[in-house]
Structure formats: structure tokens, C-alpha cells
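# Residue-level structural notes
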Amino acid sequence: MATQQNVNQYAKAIQAQLSGIITPVPVYANFNRNFATQNDFVTWQLRNVHQPVYTGQTQSVKGIDTPTFQMSVFSTTMENSFLNANKILQALHGYSGLFGGATHGFQISKADVVWLYNGYDNEINLFNIFMDCTLYIPT
Amino acid sequence: MALPNKVLPGFSASLYCQASATPTPLSTANLSVYASTSALAVSANLLPVEAIPAFGQDDAMANFNVAGSRQSDKIPTQAAPTSMTITAAWNPADANLLLMRGDAYNGTIDRTFIISATDGTNIVNYAFNGRVGQFSVDPNPTAEAKCTFTIHPRGNQYGWSNNT
């Protein structure tokens, strides 16, 4: 039996975990340059929350959740952008254990990070790096 | 209506197993009695399986040839109820999966299993007595760990029933 996990808990844990990794660089959910005014900051977006459903009428017959959150690492300098992305990569890729700290955390079996691509946005004058992180959560 | 009179999605079927480490399986007659089988098809007895595999009866026949006769004859013979290899998401503490593990270790425990399919209102039950012949765990890291077990039904010990 596997109950549906609470996505609100995911959000709190992601925010806490990312903040802990790259402190003092600020971490925001979903916002962009219109909101953040710092030279370096990270935003994240959660997607692909899905526990596979199995046969029968009982709702809790499900598999594990493997949600993915995208991290967008912004910086006014290319080097800081890469350094912050690397810091996240080093801390998160392959991580197993308490995710999200003592207050909001839960156990994950593995965090799997994919470094997607980097770029530069001419309108907001920021270097950016995009990464995906998939969590494997025992349920 | 006696039987679900609709084409059912595969999702409509559930698998239940009789409780207890030392169960007394239903009699062959009771495997076809809805009141007997539905009493076992309760949520506490649910096996958390991914999908119900093919169930029913196997094919078996003998082929007779007579010299001088152009056509042979195929005679149905002793057909076993279909063995079922079942995959479940593995929760090591799930009480019913622990029963399957214990049955596989023992090898001779007869237990009644029920496959119950419903359109939401009416229910059809396929009940059989069987033994568990395999229990293995596949911890492929791309998804949840799966445990696979195979149930071999005992010969002549299955029945169909429905709510009325």
C-alpha cells in the first residue's frame, strides 16, 4: 500500500534543501528576475509528481513517487553561475537520506541530478544554468 | 443484475488472499458460492499487485491418429487452472505479501485466492485454491522494488460466482 504523498511537503523540503546547499544565495520558488534583485539566485519548479496506479478499486495500491524539480541558477557572472550549479550538483547528485532538513524533511532513497544546459538571457542580463533533479521517495 | 454486464477495464480487478499463516481453504463447492468468496474479498486481504495476469484454465489435449483416417482427433485432457505470476510493489512489512513469502518458503500451504472484478455495482469473483511456488524481489533502481510470486492453483479447485 502506498498513500499519495503530500506535494506541499515536497515544496517545503525542496526549498529547505536547496537553501541549505547554496546559502547565502537566495532560493525562490518559480520567481524570476522581476522578483529577485540579487546578483546570484536560484529558482525551482516542481513537476512530474506521479505515483503509478495499479489494479483494483483500492486507491492506495500505488508505486513510489519520482517527482522532478527543475533548478534555474541565475547569476550576473558566468563563473558564479557555474560555481553555484556545481555546488548543487556536488551536494545533490546521488544523495540518499533526509531531504529537506529536520523540520520539513523526509527520507529519499536517491536524488538524481541532470545538468541540462546553460545560457544567457540578454533581456535580464543574467547567465543561467538549468538542472533537473529527480527524487526517489519510499512510500 | 447478476453479473457485471459491461466490458470491464483491466483496472477493475483486484486480488485477495485468505488471511492466516495456516489457512483452511474453501471447499471446492464453496469456491463457487458468492457468499463464501466475498467474505474473503475484503480490504484487509488485498494483495497490492500491479496487474492481474491471465487467469482461468489452461489448455491440454491428446491428439489421436488412426492409420487410414485422413483427419486426427484432438481430445481435451487434464487441463490445469492457469498458474499466475504476479508482480506487486514491494513493501517489506505488507502483511499479505509476508503471507506470500511464507507460503513460498513452505511450499505446501493451500490458500484460497479471489480475483474480484467489478463495474462499480456488480461483482464477479473467480476463486481458487493454490500454493505459492516462487517469491523473488527485483530492486531495479528505476522504479519501486517489485516482488514477484507465482501461484499454482490446485487441480479442480476453482469456481466462479457473482453477487445477486
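See the structure printed just above.
The shown structure was predicted, so the numbers you read here are calculated from the model rather than taken from an experiment.

## Structural notes on the overall build of chain B
The secondary structure content of chain B amounts to 2 helices and 8 strands. Starting at the N terminus and walking to the C terminus, you meet the elements of chain B as β-α-β-β-β-β-α-β-β-β. Judged by the C-alpha coordinates and their principal axes, chain B covers about 65 × 40 × 35 Å. Counting across all 164 residues of chain B, residues that qualify as buried make up 34%.

## Here we look at helix H2 (residues 95-106) of chain B
All names here are of chain B. Counted at 1.5 Å a residue, the expected span for H2 with its 12 residues is 16 Å, and the 16 Å between its end C-alpha atoms agrees. Those residues of H2 that sit buried are Asn96, Leu97, Leu99, Met100 and Asp103. Down the axis of H2, the buried side of the element spans an arc of 150 degrees, and every buried residue falls inside it. The exposed set on the far side of H2, more than 90 degrees from its buried face, consists of Ala95, Tyr105 and Asn106. Against strand E1 (13-17), strand E2 (46-47), strand E5 (84-89), strand E6 (111-118), strand E7 (123-138) and strand E8 (146-162) lie the buried residues of H2. Looking one or two residues beyond H2, the residue adopting positive phi is glycine 107, at roughly 85 degrees.

Criteria and cut-off values
- Residues numbered from 1 in each chain as written.
- Chains lettered and ligands numbered in written order.
- Predicted model: local features only at pLDDT ≥ 70, side-chain atom pairs only at ≥ 80, totals over all residues.
- Helix = DSSP H or I, 4+ residues; strand = E, 2+ residues; numbered from the N terminus.
- Buried ≥ 20, exposed ≤ 12 C-beta atoms within 10 Å, placed from the backbone.
- Expected span 1.5 Å × (residues − 1).
- Arc of directions from axis to C-beta.
- Contact = placed C-beta atoms within 7 Å.

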